[in-house]
Amino acid sequence: MKNFTIITLGCAKNTVDSRHLIDALKNEGFKYVEEFKKADFVLINTCCFIEDAKEESIEEILTAVKFKNERKLIVFGCLSKRYGDELIREIPEIDFSCGVDEKEKIIEYMKLYRVQELSYGQNEPYTAEPPTYRYIKIAEGCSRRCTFCIIPSVRGPFRSISPSEILKEAEKFVSSGIKELILVAQDITQYGKDLKGYNLKDLLKDLCSISGDFWIRLLYLYPSQIDEALIEVIADEEKIVKYLDIPMQHSEDRILRLMGRTGTKKEYLKKIKILRESLPGVILRSTFIVGFPSETEEDFQRLIDFIEEVQFDRLGVFKYSREAGTKAYNLKMQIPETVKNRRYDEIMSKQALISLEKNRTLVGKSYPCLIDYIDGDMAIGRLYCHAPEIDGVVILEDTLNRKPGERVEVLISEAYEYDLKGVILNK
Ligand code: SF4
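Because the structure is a prediction, the values reported are computed rather than measured.

Re the domain arrangement of the chain
Interfaces are often described in size by the accessible area the parts lose on coming together. For the chain, the assigned domains are domain 1 (3-113), domain 2 (133-360) and domain 3 (366-424). For domain 2 and domain 3, the distance between their C-alpha centroids amounts to 25 Å. Across the contact, 23 residues belong to domain 2 and 21 residues belong to domain 3. Counting the surface lost from both domain 2 and domain 3, the interface buries some 1900 Å², and carbon and sulfur atoms represent 51% of this. On the domain 2 side of the contact with domain 3, Y133, W215 and N359 bury the most area, a combined 31% of that side's loss. Seen at the junction of domain 2 and domain 3, the total is 4 salt bridges. Notably, a salt bridge pairs R382 with E180, separated by 2.9 Å at the nearest N-O pair. Here the side of domain 2 that touches domain 3 gets 6 residues from one element, more than from any other, and that element is helix 12 (residues 337-360). Per-class residue counts for the side of domain 2 that touches domain 3 are 11 nonpolar, 3 polar and 9 charged.

Considering the sheet that holds strand 16 (residues 394-397)
Ordered in space as 14-15-16-18-17, the 5 strands form a closed barrel in which the pairing is mixed. Along the sheet, successive strands turn relative to each other by an average axial angle of 50°, direction set aside. Inspection of the sheet shows strand 16 paired to strand 18 (residues 420-424) by 3 bridges, in the parallel sense. Residue L396 lies in a different strand from strand 18, and its bridge partner there is G422.

Description of a negative patch on the surface
Taken together, D52, E55, E56 and E59 make up a surface patch of like negative charges. Within the element layout of this structure, E56 appears in helix 2 (residues 51-66).

Section: the side chain of T287
Relative to the assigned elements, T287 resides in strand 12 (residues 283-290). Judged by relative accessible area, which is 11%, T287 ranks as buried. Non-local contacts of T287, meaning those with residues more than four positions away in its chain, are made with I246, P247, M248, Q249, G316 and F318.

Conventions adopted
Residues numbered from 1 in each chain as written. Predicted model: local features only at pLDDT ≥ 70, side-chain atom pairs only at ≥ 80, totals over all residues. Heavy atoms only, no water. Domains from an automatic or database assignment. Contact = heavy atoms within 4.5 Å. Buried area = accessible area lost by both parts, 1.4 Å probe. Salt bridge = Lys/Arg side-chain N within 4 Å of Asp/Glu carboxyl O. Helix = DSSP H or I, 4+ residues; strand = E, 2+ residues; numbered from the N terminus. Nonpolar A, V, L, I, M, F, W, Y, C, P; charged D, E, K, R; others polar. Pairing = 2+ DSSP bridges. Axes fitted to C-alpha atoms, helices over the stretch in contact; angles between N-to-C directions. Patch = residues over 30% accessible without salt bridge, like charges linked within 9 Å, V, L, I, M, F, W, Y side chains within 5 Å. Areas by Shrake-Rupley, 256 points an atom, 1.4 Å probe, with all protein chains shown as cover. Lys, Arg positive; Asp, Glu negative; His and termini not counted. Charge placed at Lys NZ, Arg CZ, Asp CG, Glu CD. Buried < 20%, exposed > 50% of the residue type's maximum accessible area, 1.4 Å probe, protein only.

In structure tokens:
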């Protein structure tokens, strides 16, 4: 037994964990294969962020169980960390389970079943990430205490990954032709708080000093922690795309306090104004939760007003998920699912209009566009305003002889709610 495949669910942090595990297993002589049917070991990297994510992970495990036969089924990540023994009790076909950050345990387990004939250098490429971008996890865990969130108890307290490790990984990616590095953590603004005299600004400057043609994208900044010095670095460094993902969760101060978040609506509005003034053309993305316990119709309407006033370029919305083990689980006035669904639909249709309007303003303008995929004579690309996997894309036609990873100048010709159509200018 030596072939393994890996199914990754959940967020970009899991994508990074899976990639690190794959590299470690290859170093041990295991062979990565894409197809389930060729694998001796099937590994599932799970998520438990909200109810939907848990269901998706369990469905994936049950599908693997159905076709398991002689294979070994290994489940790891957030769901198995949270439900450990319970998961194995409920699904006894799971052969081995462990939590987050425990790749050594997985390797030890797999070594027990490996046959001796080792095979190096015949691995299939890991295609969960296309050849143009890579996520780089700059920290693990979270020390904040948002009352709706289970992450700190699953992933542990905040720990910065050492600058040398991050820079080494970034250099490796850039020299292999990767064109976009996406920095992720539960909250990247906390980076360095456990390091002596080195913070996110230092890391960004060091990353930007790597020579090569690449973008850096920043995901998940805690709103109240974005200070002037950080904005200055983002403004000064050309490699950092002017795109910020700042989860705000709600606009109303009473709800924010119940959520255990810092900041107020007034402060959020001020910060947004500063960001737009200091970073011309900046794309602002945020996420909000609807149906948090005790959210009234008035609170919700004010949230809609806030979203209309700010006109976020990108917006993610979650329906509040009541997670056992969180503080908010015990809050009174839980909101019925039907109300959450209605609020979710309302906010999403508002944002669809905003998004369409914003996309229409791009028509007739040209931008550098990174080609992610080629499909026949069509290509899928992204502008600086598109984070992969979460935002829209640019559909390009007539792309004969183009390759993924190329950056081309594109004239935007059509706009839809989320996607754009464009024509390559530099033929
Ligand atoms: S900042 Fe809040 S929502 Fe984000 S991971 Fe930490 S506790 Fe969860």
